[in-house]
Amino acid sequence: INHIVHNGGLYKRPFNEAFEETPMLVAVLTYVGYGVLTLFGYLRDFMRQWKIEKCQNATEREEQKDFVPLYQDFENFYNRNLYMRIRDSWNRPICSVPGAKVDMMERVSHDYNWTFTYTGRVIKDIINMGSYNYLGFAQNAGACQEAAAKVLSQYGAGVCSTRQEMGNLDKHEELEKLVARFLGVESAMAYGMGFATNSMNIPALVGKGCLILSDELNHASLVLGARLSGATIRIFKHNNMQSLEKLLKDAIVHGQPRTRRPWKKILILVEGIYSMEGSIVRLPEVIALKKKYKSYLYLDEAHSIGALGPSGRGVVEYFGLSPEDVDVMMGTFTKSFGAAGGYIGGKKELIDYLRTYSHSAAYATSMSPPVVEQIITSVKCIMGEDGTTVGRARVQQLAENTRYFRRRLKEMGFIIYGNEDSPVVPLMLYMPAKIGAFGREMLKRNIGVVVVGFPATPIIESRARFCLSAAHTKEMLDTALKEINEVGDLLQLKYSRRRLVPLLDRPFDETTYEETED
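Source: prediction; values computed, not measured.

(A) Here's a closer look at the environment of C381. Among the structural elements, C381 can be located in helix α13 (residues 369–383). With a relative accessible area of 7%, C381 lands in the buried category. Sequence separation between C381 and G391 is 10 residues, and the spatial gap between their C-alpha atoms is 4.9 Å. Aside from chain neighbours lying at most four places away, what touches C381 is F137, D386, V390, G391 and R392.

Dropping the structure here:
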């Protein structure tokens, strides 16, 4: 009830997010840790320069020393001296379907992670807590696999042309009609790459004389698309509606710099679920502001489509809103649908325009037919058009797994970021030494996790990121939680004080949660 009152009746359901403040001692020790690593990095660079230590990194050849350098040695300082120490936590090669469990090739390094050697051993049945397999459609058996195999035998693997030339198959048309129906929009268009769906279509929608208002934590594809467009970009604080409204007011009052002419278009860029924070966009408020100030809204549902809403239709359904209120609905097939590519949905005029002017439509090769069939089969399963309730059951299972996993981690005393309904679950590690230690200790216990540090996150906010799946059974989650609890005690990761101010009650200019008074 408080949430509804505080938001003028915009929210039809509770909206609970947590971003507990970093404890002061932990923040100080994290900075000290990075300082010590940096000092040792300079020492090792000095030793490499004088041939005391073997230099493994790329350098200019002797005969090119007088040339303008192609390779700036100092720019690689972080990779060379900090990242390299824990490089074994990333790029781990798996050799199975990325389902609820995976098989991983064992590798060792004899030169402090500069190179790796494969031992020939395969580590079996690692519980996969890192893949974006939200609805469990990453399978090598079942209806999706059978349908994709049948289409592969009929159409082959590649199309060898663009959609505008000889690469427009009946399967592509079928997919786009199905996606439009699934989203509840007039029309949709599919693309072969999720990243390019953003980076190549935003420049087709806005250009010079337009204004983009972008959330500070938007994905790199949105950032690149905004930069390529040539439009003016202004950043608002993450999920902060007062910050967004201030930028909208200023844009309308002051217009373009110098000339003071009105902006041709104002486009708001947001994501459904933010993949590093686990937070959900405050869409009812964004739409209210968009209508109030007559701007356009571009919603990236890469992580939310399939993963939110009673029937998996994303953040719009999650809040009980109309798809017509979102001008550009973008999403990807790489996560909930276990395939590849992306889509844009909206009014027919918008999609017809993009078919002509989008670089992805004009120059990119068409989607592979087996991939298209994987998406068609999985979407029909979610919609119940395959004659079963399996799809809806998967959506419900994911929601149950998410709430259970988040609640248990919070009970253990970890600091967990994000919304209680988000299947992306960041667990805060903070200190640089704990990034590699957490990943290694979890792998020893047959749990595969993703760890993230600077520059992908703020320097004092390193974290482990769990992605939940409908394919995870309660036994798997309990096993993972038991091991996480052990590693949390071993590495002293239980920082939470468990006293949080709800997100919607905090002052608008705060960017972190504050602790409550006793």
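(B) The domain arrangement of the chain, seen in detail. Once the domains are mapped, the chain shows domain 1 (20–128 + 388–498) and domain 2 (143–383). Interface of domain 1 and domain 2: buried area, both sides summed, is about 1400 Å²; carbon and sulfur atoms make up 58% of it. For the pair domain 1 and domain 2, the number of links is one salt bridge. Of the charged contacts in the structure, one is a salt bridge between E277 and R463, with a shortest N-O distance of 3.0 Å. Between the two partners, domain 1 and domain 2, sit eight residue pairs in polar contact (both at pLDDT 80 or more). At the level of elements, α14 (390–412), β11 (418–419), β12 (424–430) and β15 (462–467) are the ones that each hand at least two residues to the side of domain 1 that touches domain 2. Among the elements that make up the side of domain 1 that touches domain 2, the one with the highest residue count is α14 (six residues). Here the residues of the side of domain 1 that touches domain 2 sort into nine nonpolar, four polar and five charged.

(C) Spotlight on unusual backbone geometry. Here the bond from F454 into P455 is cis, since omega is 10°, no more than 30 degrees from zero. Tracing the backbone through its elements, the reader meets P455 in the loop between β14 (450–452) and β15. One non-glycine residue, Y112, adopts positive backbone phi at about 60°. Among the structural elements, Y112 can be located in the loop between β2 (101–108) and β3 (117–128). The exposure class of Y112 is exposed, given its relative accessible area of 69%. In this structure, Y430 is a non-glycine residue whose phi angle is positive, near 70°. Mapped onto the elements, Y430 comes out in strand β12.

(D) Structural view of the sheet that holds strand β13 (residues 447–448). Strand order in the open sheet made by the three strands is β2-β3-β13, with mixed pairing throughout. Either end of the sheet is taken by a strand with one partner, and the two such strands are β2 and β13. Relative to β3, β2 runs antiparallel, the two being bridged by six bridges. Bridge pairing in β3 links M104 to I123.

(E) Spatial organisation of the pairing of strand β5 (residues 211–215). Most of β5 sits inside the fold, with five of its five residues counted as buried. Where burial is concerned, the two faces of β5 agree: the one with L211, L213 and D215 and the one with I212 and S214 are both buried. Bridge count between β5 and strand β7 (residues 266–271): four bridges; the pairing is parallel. Bridge assignment links S214 to a residue of β7, and that residue is L269. Bridge count between β5 and strand β6 (residues 232–236): five bridges; the pairing is parallel. Among the inter-strand pairings, I212 is bridged to a residue of β6, identified as I233. A crossover connection joins β5 to the parallel β6 through helix α7 (residues 220–229); in handedness this β-α-β unit is right-handed.

(F) Local environment of the UniProt feature "domain: Aminotransferase class I/classII large" (unreviewed entry) in the chain. Under the feature "domain: Aminotransferase class I/classII large" (unreviewed entry), the UniProt entry names residues 124–484. Regarding residues 124–484, the helix share stands at 43% and the strand share at 17%, and the terminal C-alpha atoms are separated by 19 Å.

(G) Structural view of the side chain of E20. If you trace the backbone, E20 turns up in the loop between β1 (17–18) and α2 (24–49). Buried E20, no salt bridge; nearest opposite-charge side chain is R497, N-O distance 5.5 Å. For E20, the side chain forms a polar contact with the side chain of S496, separated by 2.9 Å. A distance of 2.7 Å separates a polar atom in the side chain of E20 from the backbone nitrogen of R497.

Cut-offs and rules
- Residues numbered from 1 in each chain as written.
- Predicted model: local features only at pLDDT ≥ 70, side-chain atom pairs only at ≥ 80, totals over all residues.
- Heavy atoms only, no water.
- Helix = DSSP H or I, 4+ residues; strand = E, 2+ residues; numbered from the N terminus.
- Buried < 20%, exposed > 50% of the residue type's maximum accessible area, 1.4 Å probe, protein only.
- Contact = heavy atoms within 4.5 Å.
- Domains from an automatic or database assignment.
- Buried area = accessible area lost by both parts, 1.4 Å probe.
- Salt bridge = Lys/Arg side-chain N within 4 Å of Asp/Glu carboxyl O.
- Polar contact = N/O pair within 3.5 Å; in protein donor to acceptor, adjacent residues only side chain to side chain.
- Nonpolar A, V, L, I, M, F, W, Y, C, P; charged D, E, K, R; others polar.
- Pairing = 2+ DSSP bridges.
- Right-handed = clockwise from strand over helix to strand, strands pointing away.
- UniProt positions renumbered as here; feature names shortened; annotations may be inferred.
- Lys, Arg positive; Asp, Glu negative; His and termini not counted.

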